[in-house]
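Close look at the chain arrangement
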Amino acid sequence: MHLFDWPFGDINPHSFDMIMADPPWRFVVRSPKGEGKSAQAHYDTMALEDINTMPVMDLAAPNCVLWLWCTAPMLPQQLTTVKAWGFEYCTEGVWVKMTTHGKVSFGTGYGLRGSHEPFIIAKRGEPKLTKSTRSVIHGKAREHSRKPEEAYFEAERLMPRAHRLDLFSRTNRPGWTVWGKEVGKFGEAA
């Protein structure tokens, strides 16, 4: 790779022990009613091939964890992203989306009404993980695709001393390097 091919600006290669990524996945909706709720109605999305060719492996330290936010309809394809980025699948978890009243949300879906968002945990090398993070995170659903603060808390607990990157970030976050087209869209994390 040539220096001018580096899409991550002034971020140094091979710097991160943990990468949380929320790629702008593009997937086909199954009815015209779904267009207004689709990702592409809210932000620019990317084709799977374009996501997979990003040099994310070159951001990772030799021992690194990838926390990859996924979508239920595309989970098989998103496993290819894990491999393309140079990581090995470890496990998965879910964010259970809660309403402001503390109830499980009732979202859209294909076959089942989605009340959660999956994420994959993958690794490169042998990162040191604590055994305190559970596979289920309960957190309030907010703006479209905005991730819950509880997930960041758990990620920090999973690797307390990690040098962390929030890839495709929309929020400035203390203790994290952030990168993406929409950094700052949701302001500063609480």
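- As recorded in an unreviewed UniProt entry, the protein chain goes by the name N6-adenosine-specific RNA methylase IME4, listed as coming from Phyllobacterium trifolii.

1. What about the overall build of the protein chain?
- Within the protein chain, the secondary structure is distributed over 3 helices and 7 strands.
- Ordered by position in the sequence, the α and β elements of the protein chain form the string β-α-β-α-β-β-β-α-β-β.
- Taking all 190 residues of the protein chain together, the buried fraction comes to 43%.
- Counted over contacts in the protein chain with a minimum sequence separation of 6, partners at least 24 positions apart contribute 69%.
- Of the roughly 10400 Å² that the protein chain leaves accessible, carbon and sulfur atoms contribute 55%.

2. Some points on the layout of surface pockets
- When its volume is computed, the second largest pocket comes out at roughly 310 Å³.
- Lining the second largest pocket are 17 residues, with Thr91, Ile121, Leu129, Thr133 and Leu158 sitting closest to its centre.
- Of all the secondary structure elements, the ones that give two or more residues to the lining of the second largest pocket are strand 3 (88–98) and strand 4 (116–124).

3. Brief notes about the pairing of strand 3
- As paired elements, strand 3 and strand 4 share 8 bridges and run antiparallel to each other. Counted as the bridge partner of Val94 is Pro118 from strand 4.
- Relative to strand 5 (residues 136–140), strand 3 is paired through 5 bridges, and the arrangement is parallel. By the bridge assignment, Met98 is partnered in strand 5 with Lys140.

4. Quick look at the sheet that holds strand 5
- The 7 strands lie next to each other as 5-3-4-2-1-6-7, forming an open sheet whose pairing is mixed. One side of each edge strand has no neighbouring strand; the edge strands of this open sheet are strand 5 and strand 7 (176–179). Across the sheet, the axes of successive neighbouring strands diverge by a mean angle of 25°, strand direction being ignored.
- Sitting on the sheet, helix 2 (residues 75–84) is in contact with strand 2 (60–69), strand 3 and strand 4, with an inclination near 25° to strand 4.
- Lying on the sheet, helix 3 (residues 149–158) is in contact with strand 1 (16–21), strand 2, strand 5, strand 6 (164–167) and strand 7; it crosses strand 5 at an angle near 145°.

5. Things to note about the environment of Ala122
- Within the element layout of this structure, Ala122 appears in strand 4.
- Take Ala122: its relative accessible area is 0%, and that puts it in the buried class.
- As for Ala122 and Thr91, which are separated by 31 residues in sequence, their C-alpha atoms are 6.9 Å apart.
- Excluding its chain neighbours within four sequence positions, the residues that come into contact with Ala122 are Cys64, Val65, Leu66, Val82, Phe87, Glu88, Tyr89 and Cys90.

6. Digging into the pairing of strand 4
- Where strand 2 and strand 4 come together, 6 bridges link them in antiparallel fashion. Bridged to Cys64 within strand 4 is Arg124.

7. Observations regarding the pattern of salt bridges
- On inspection of all chains with the given rule, the structure shows 8 salt bridges.
- The closest approach of N and O atoms between Arg142 and Glu149, which form a salt bridge, is 3.4 Å.
- Its relative accessible area of 21% is what places Glu149 among the partly exposed residues.
- Between Arg157 and Glu154 there is a salt bridge; the shortest N-O distance is 3.2 Å. With Arg157 and Glu154 both in helix 3 and 3 residues apart, the pair spans about one turn of that helix.
- A relative accessible area of 32% means that Arg157 is categorised as partly exposed.
- Via salt bridges that share partners, Asp22, Lys97, Glu117, Lys147 and Arg170 belong to a single interconnected network.

Cut-offs applied
Residues numbered from 1 in each chain as written. Predicted model: local features only at pLDDT ≥ 70, side-chain atom pairs only at ≥ 80, totals over all residues. Heavy atoms only, no water. Helix = DSSP H or I, 4+ residues; strand = E, 2+ residues; numbered from the N terminus. Buried < 20%, exposed > 50% of the residue type's maximum accessible area, 1.4 Å probe, protein only. Contact = heavy atoms within 4.5 Å. Areas by Shrake-Rupley, 256 points an atom, 1.4 Å probe, with all protein chains shown as cover. 1 Å grid on protein atoms, 1.4 Å probe; cavity = no way out; pocket = protein on both sides within 12 Å on 5 of 7 lines; lining within 4 Å. Points joined across faces, edges and corners; volume = space filled by probe spheres on them. Pairing = 2+ DSSP bridges. Axes fitted to C-alpha atoms, helices over the stretch in contact; angles between N-to-C directions. Salt bridge = Lys/Arg side-chain N within 4 Å of Asp/Glu carboxyl O.

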